[in-house]
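# Notes for the structure review
Single-letter residue listing:
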Amino acid sequence: MFPKHTVDLSHRELRAGPFWQAIPAFADVDEATFLDHRWQAKQSITKPRQLIDTLQGLVTPEFLADVTDGFMRAPMSLRVSPYLLSLIDWRDPMGDPLRRQFIPVGSTLLPDHPMLTLDSLAEQADAPVPGLTHRYPDKALFLALDTCPVYCRFCTRSYAVGVDTEAVEKIQLRVDRDRWERAFAHIRATPYLEDIVISGGDSYQLKANQLTEIGDALLSIPHIRRLRFATKGPAVMPMKLLTDLEWVEALTGVVERGRRRGVSVVLHTHFNHPNEVTEITARALDVLFQRGITVRNQAVLQRGVNDGHDTMRLLLRRLAWVNVQPYYVYQHDLVKGVEDLRTAIGATAELEKAVRGVTAGFLTPTFVVDLPGGGGKRDVHSFEHYDRTTGVAVYRSPNVQKTELYFYCDPIHLLPPEGRARWAIPSEREGILAEARRAVVR
Ligand SMILES: *Cc1c(COP(=O)(O)O)cnc(C)c1O
Ligand code: SF4
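Residues numbered from 1 in each chain as written. Chains lettered and ligands numbered in written order. Predicted model: local features only at pLDDT ≥ 70, side-chain atom pairs only at ≥ 80, totals over all residues. Heavy atoms only, no water.

### So, the site of ligand 1
- Surveying the vicinity of ligand 1 reveals the residues Thr133, Tyr136, Lys139, Leu141, Arg228, Tyr327, Tyr328 and Lys377.
- Between Lys139 and ligand 1, the recorded distance is 2.8 Å, taken from a side-chain N or O atom to an oxygen atom.
- One of the side-chain nitrogen or oxygen atoms of Tyr328 is found 2.5 Å away from an oxygen atom of ligand 1.
- When ligand 1 sits alone it has 390 Å² of accessible area, and the protein chains cover 92% of it.
- Placement of ligand 1 is best described as lying within the largest cavity.
- Those elements giving two or more residues to the shell around ligand 1 turn out to be β2 (139-143) and β7 (325-330).
- The class makeup of the residues in the shell around ligand 1 is four nonpolar, one polar and three charged. (Near = heavy atom within 4 Å. Polar contact = N/O pair within 3.5 Å; in protein donor to acceptor, adjacent residues only side chain to side chain. Areas by Shrake-Rupley, 256 points an atom, 1.4 Å probe, with all protein chains shown as cover. 1 Å grid on protein atoms, 1.4 Å probe; cavity = no way out; pocket = protein on both sides within 12 Å on 5 of 7 lines; lining within 4 Å. Sits in = over half its atoms within 2 Å of the grid points. Helix = DSSP H or I, 4+ residues; strand = E, 2+ residues; numbered from the N terminus. Nonpolar A, V, L, I, M, F, W, Y, C, P; charged D, E, K, R; others polar.)

### Topic: the site of ligand 2
- Taken together, 10 residues lie near ligand 2, and Cys148, Cys152, Cys155, Gly201 and Lys232 sit nearest.
- Judged by the proximity of its atoms to the pocket grid, ligand 2 belongs to the largest cavity.
- For the shell around ligand 2, the per-class residue count stands at seven nonpolar, two polar and one charged.

### What about the packing of aromatic side chains?
- Counting across every chain of the model gives 15 aromatic pairs.
- Ring geometry for Phe63 versus Trp90: centroids 6.4 Å apart, planes at 65 degrees, classification edge-to-face. Of this pair, Phe63 sits in helix α5 (residues 61-72) while Trp90 sits in the loop between α6 (82-87) and α7 (97-102), and the two are 27 residues apart along the sequence.
- With a centroid separation of 4.0 Å and an interplanar angle of 25 degrees, the aromatic rings of Tyr327 and Tyr328 are classed as stacked.
- Judged by relative accessible area, Tyr327 falls into the partly exposed class, the value being 24%.
- Every member of this aromatic cluster is reached through a ring pair, and the members are Phe19, Trp20, Phe26, Phe34, Trp39 and Tyr83.
- A cation sits over an aromatic face here: Lys139 above Tyr136, 4.2 Å from the ring centre.
- A cation over an aromatic ring shows up here: Lys240 above the ring of Tyr204, its NZ or CZ 5.4 Å from the ring centre. (Phe/Tyr/Trp six-rings, centres within 6.5 Å; stacked < 30°, edge-to-face > 60°. Buried < 20%, exposed > 50% of the residue type's maximum accessible area, 1.4 Å probe, protein only. Lys NZ or Arg CZ within 6 Å of the ring centre and 35° of its normal.)

### Some words on the nonpolar core
- Of all hydrophobic cores here, the largest spans 109 residues; its most connected members are Leu51, Phe142 and Ile196.
- Residues contacting Phe142, with those up to four places away along its chain left out, are Gly131, Leu132, Arg179, Trp180, Ala183, Phe184, Ile196, Val197, Ile198, Ser199 and Ile214.
- By size, the runner-up hydrophobic cluster in this structure holds 12 residues, among which are Val392, Phe407, Trp423 and Val440. (Core = buried A, V, L, I, M, F, W, Y, C linked by side-chain atoms within 4.5 Å. Contact = heavy atoms within 4.5 Å.)

### A short note on the layout of surface pockets
- By volume, the second largest pocket is sized at about 300 Å³.
- Of all elements in the fold, only α3 (37-43) and α12 (245-260) reach the threshold of two or more residues within the lining of the second largest pocket.
- A total of three residues in the lining of the second largest pocket trace back to one element, the largest contributor, which is α3.
- Across the lining of the second largest pocket, the residue classes tally to seven nonpolar, three polar and six charged.
- Built from parts of two domains, the lining of the second largest pocket gets at least three residues from each of domain 1 (11-108) and domain 2 (132-381). (Points joined across faces, edges and corners; volume = space filled by probe spheres on them. Domains from an automatic or database assignment.)

Rendered as structure tokens:
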């Protein structure tokens, strides 16, 4: 009666057992050790050299040379947990969706689009206090710190997150009480703010007492009605929820104190691929579910990772199975050094059509593009104009800026030959954008 893919049950088959023991370096690691978040953090690989050493014998020398080359040119720092390393299929590292997200290889890097900038969302321009981006009227983004349990190649905040690399010198957003206090002061003094996203960096990196401190400071502001702690943690180090009771208790405390005051406090996380949801993840997320903590997901769409229709359907159904609500799928931001991961707006719109209807509407994410230049998030389908030859999509965002037009540019290598040829001529660029603008404003 229903199309076959809609009644397929593979989303319930979660990876289990001591899968990490297939990595020679973890062959003797027992489950208790593997589930210890301190062990995961301590054993996380942060230097290309360590990674190369760990992978000796698992992959070919050519692949290792390719990785070395990738690191020389990457704007992100390296951090991968043993858990993540164990989920990568090292028999096919080039094709593996987790490898693609965290470990660069030189041979697949593509030249940046001429419209790319490092802080493509202009988060720094909309920041009244360093690390507090106030772009929308009733909600703001608070970057509490600049470290993460892992570093993603595609990070939107590569302007700040992680340590300096060969390619990029970063601004710093350390844990800094004075900076935090200035952010809270701005929130206190802005009565129309109701909703704060606490991100970074990553809330997993906050110590339990810091999480409590931030949560309680924000809960004490009468006009704040919604808090969301953002963390990639459950996707890359779920065991912390099983073994760092202090952190889980701190989060639960803020959630419960919020509930008593009528304030919703939730967790927003960041799963991108169904392989990131294992039996350990299911157990970890159940800890939050049993405590009544809502978890929502914001995925980043990446070519060759989760842009396949079957892959995205599987991701959404698997997240639903472990009680995570898919909230957004983001069109990839215009970030330096990751052109190989971006998709075209037209392909994203097709993907949205392919997933809507496979499960509950409240478990079906909105596919959004966070507009370069600070226009905020818009439904990918809602462009005023889209030229498939030049790959330019034009959006409006009337609640952020009444009259401004915002442009998103598809990756050049995915355009038809005519479009590629035009972008190759630097003097054509202004014209391409002007043309798109004229198509909207007549
Ligand atoms: C994403 C974002 C928010 C939250 O937006 P929602 O659409 O409500 O999830 C708030 N501020 C900034 C700057 C953001 O980028
Ligand atoms: S976890 Fe989030 S903030 Fe950290 S590197 Fe990844 S995308 Fe960036």
